[in-house]
Number of protein chains: 4
Amino acid sequence: MDELQNLLDQLRQFVAERDWQQFHDPKNLAMLLASEAGELLAEYRWVPNHQADAASRDEARRARILSEIGDVGIALLLLCERIGADPVAAMRAKLEINRTRYPADMVRGKSDRPPLK
Amino acid sequence: MDELQNLLDQLRQFVAERDWQQFHDPKNLAMLLASEAGELLAEYRWVPNHQADAASRDEARRARILSEIGDVGIALLLLCERIGADPVAAMRAKLEINRTRYPADMVRGKSDRPPLK
Amino acid sequence: MDELQNLLDQLRQFVAERDWQQFHDPKNLAMLLASEAGELLAEYRWVPNHQADAASRDEARRARILSEIGDVGIALLLLCERIGADPVAAMRAKLEINRTRYPADMVRGKSDRPPLK
Amino acid sequence: MDELQNLLDQLRQFVAERDWQQFHDPKNLAMLLASEAGELLAEYRWVPNHQADAASRDEARRARILSEIGDVGIALLLLCERIGADPVAAMRAKLEINRTRYPADMVRGKSDRPPLK
């Protein structure tokens, strides 16, 4: 069986055993996701760009980063599960949009675009 | 081939074709992830809890939510790729920790714990 | 003297005594702000809308909320200080824009607008 | 009158004229705050640390940054208003805690502390 599917099954069981479905409406899960993303962000806030790769290899920091990545991923999967969305399909669809939105020849080596609105 | 692995390969190629690796250090990717999680959050900020499931089925809103889920997932995969982390392994490890941290018999039906510190 | 100005002076001194200006470029301060906003968010993630006012009066939770509000406010002031922005003027200007963008007669009692882009 | 108090009065009137108090419970306002902080974050995500001060002076970007600062500040004030908190007092109290938590002689010129838990 697909390992992502297997993880989803385990997550579903974890939540059911604790009777937490009642708290896991999509609004609350979007909050969980954003707050966990904020904790991951906190790991890098004082690290300058040019040291960010090295900092990610530091043993103690790496353990914290992996823990936060786990939290963010779990929150994302719980939200997808709740609203009946396929996360991989959603990513693939967005990648297709991004291919059109950012033609390689126009954006190569550039990062000066404002946030898309 | 595993579909997550396939998506990762496509993402890697998308970034390489645009010469964007130079902007994708872990610090910037953690910022991308958090800002995309903030956009997903924005979709639910005026939706009351008891309407959040229904709102997630509204056609126009659902399209925006799936688009943001795609963005969040892509940012998470790009970060994992950059630091050499396996997202599914990170989630599995965190789920194990959560099993110990929240024994089913102690937390069943309860949500009143403060954010873990 | 204005109490906000007085606080700004104290913040400036706090940072200077620790020689932290070097870490407080606007990028890092925007990260600080977003991660602190994430911690504040975490206080409400399992609280349903209809209990959010009462939860904000609970003594232990209130202490944590005020602590996070302090963190968010300090991060915002540090960013404003660094880039030479007047936070109150920025809020006043945005309020004026919002008056035009959301005419009272058109939006009264409605929250169903999508996030502005 | 104090200019912050004056702004608060205007915000209160803005919300009342639109009958938006019903949407502005503390949970929703914490979400507003975090999503606006995410938009501010987005302005800096591709800017390297050493260019962040200069980028904050670029005219077009500066206008967007000030607009987001206005949004974040307004969200923070609305939340404080709703729960009856004094934002300046909250910041002053947190600054006092930070003075004790980070003695100048121990942390001078250092940023390598993990996020406080």
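**Details of the relation of the copies chain A and chain B**
Note that the two copies of the chain are related through a rotation about an axis and a translation along the same axis. At an RMSD of 0.0 Å, chain A and chain B line up after a rotation of 180° and a shift of 0.0 Å along the axis. Such a turn and shift between the copies fits a two-fold axis. Looking at chain A, 100% of its interface residues are interface residues in chain B too, so the copies touch through the same face.

**Quick look at the interface of chain A and chain B**
Contact with chain A, which involves 69 residues of that partner, is made by 69 residues of chain B. Approximately 6100 Å² of surface area, both sides summed, lies buried where chain A meets chain B, with 64% of it carried by carbon and sulfur atoms. Taken as a group, R18, K27 and M91 of chain A account for 10% of the area that chain A buries against chain B, more than any other trio of residues on that side. The tally of links from chain A across to chain B stands at six salt bridges. E3 of chain B is the partner of R92 of chain A in a salt bridge, and the nearest nitrogen-oxygen pair spans 3.6 Å. Counting only elements with at least two residues in the side of chain A that touches chain B, the list comes to α1 (3-18), α2 (26-42), α3 (52-55), α4 (59-83), α5 (87-101) and α6 (104-107) of chain A. The element contributing the most residues to the side of chain A that touches chain B is α4 of chain A, with 16 residues. Residue classes in the side of chain A that touches chain B are distributed as 38 nonpolar, 12 polar and 19 charged.

**Here we look at unusual backbone geometry**
Residues and elements named next belong to chain B. For D19, which is not a glycine, the phi torsion comes out positive at approximately 55°. Residue position: D19 is located in the loop between α1 (3-18) and α2 (26-42). Note on D19: relative accessible area 36%, which makes it partly exposed.

**A word on the pattern of salt bridges**
Going through the model one piece at a time under the given rule, you end up with 44 salt bridges over all chains. One connected set of salt bridges, linked through shared partners, spans D9, R12 and E81 of chain A.

**Quick word on the nonpolar core**
Across soluble globular proteins, you tend to see nonpolar side chains buried next to one another. Residues I69 of chain A, I69 of chain B, I69 of chain C together with I69 of chain D are the most contacted members of the largest nonpolar core, which totals 160 residues. Residues in contact with I69 of chain A, not counting those within four places in the same chain, are L40 of chain A together with L76, L79, C80, I83 and A90 of chain B.

**A look at α4 of chain A**
Taking 1.5 Å of rise per residue, 25 residues should cover 36 Å, and α4 of chain A covers 36 Å from first to last C-alpha, within 8% of that figure. Looking at the residues trailing α4 of chain A, positive phi occurs at G84 of chain A, about 70°.

**Digging into the packing of aromatic side chains**
Considering all chains together, one arrives at eight aromatic pairs over all chains under this definition. Ring plane angle 80° and centroid distance 5.9 Å describe the contact between F14 of chain C and W20 of chain C, whose orientation is recorded as edge-to-face. The exposure class of F14 of chain C is buried, given its relative accessible area of 6%. Connected via pairs of aromatic rings, a cluster forms that spans F14 and W20 of chain A together with Y102 of chain B.

**A closer look at the confidence of the model for chain A**
On average, chain A scores 94 in pLDDT, and the residues at 70 or more come to 95%. Interface confidence for the predicted complex, expressed as ipTM, amounts to 0.95; the pTM equals 0.96.

**Re the packing of α2 of chain A against α4 of chain A**
Residue and element names in this part refer to chain A. As a packed pair, α2 and α4 sit with axes 9 Å apart at the nearest point and diverge in direction by 165°. With respect to α4, the element α2 is oriented roughly antiparallel. For the pair α2 and α4, the sense of crossing is left-handed. Contact residues: P26, L29, L32, L33, E36, A37, E39 and L40 in α2; I65, E68, I69, D71, V72, A75, L76, L78, L79, R82 and I83 in α4. Looking at the contact of α2 with α4 residue by residue, the classes come out as 14 nonpolar, no polar and five charged.

**Points about the environment of G38 of chain A**
Residues and elements named next belong to chain A. Inspection of the secondary structure assignment puts G38 in helix α2. The exposure class assigned to G38 is buried, which follows from its relative accessible area of 5%. Residues G38 and E68, spaced 30 residues apart in sequence, show a C-alpha to C-alpha distance of 9.3 Å.

**A word on the state of the cysteines**
Counting across every chain of the model gives zero disulfides over all chains. Cysteine C80 of chain D shares no disulfide, and the gap to the nearest cysteine sulfur, in C80 of chain C, comes to 15 Å.

Scoring rules and cut-offs
Residues numbered from 1 in each chain as written. Chains lettered and ligands numbered in written order. Predicted model: local features only at pLDDT ≥ 70, side-chain atom pairs only at ≥ 80, totals over all residues. Heavy atoms only, no water. Least-squares fit on C-alpha atoms with pLDDT ≥ 70 in both. Contact = heavy atoms within 4.5 Å. Buried area = accessible area lost by both parts, 1.4 Å probe. Salt bridge = Lys/Arg side-chain N within 4 Å of Asp/Glu carboxyl O. Helix = DSSP H or I, 4+ residues; strand = E, 2+ residues; numbered from the N terminus. Nonpolar A, V, L, I, M, F, W, Y, C, P; charged D, E, K, R; others polar. Buried < 20%, exposed > 50% of the residue type's maximum accessible area, 1.4 Å probe, protein only. Core = buried A, V, L, I, M, F, W, Y, C linked by side-chain atoms within 4.5 Å. Expected span 1.5 Å × (residues − 1). Phe/Tyr/Trp six-rings, centres within 6.5 Å; stacked < 30°, edge-to-face > 60°. pLDDT = per-residue confidence, 0-100. Axes fitted to C-alpha atoms, helices over the stretch in contact; angles between N-to-C directions. Parallel < 35°, antiparallel > 145°, perpendicular 65-115°, else oblique. Left-handed = near helix turned anticlockwise from the far one by under 90°. Disulfide = S-S within 2.5 Å.

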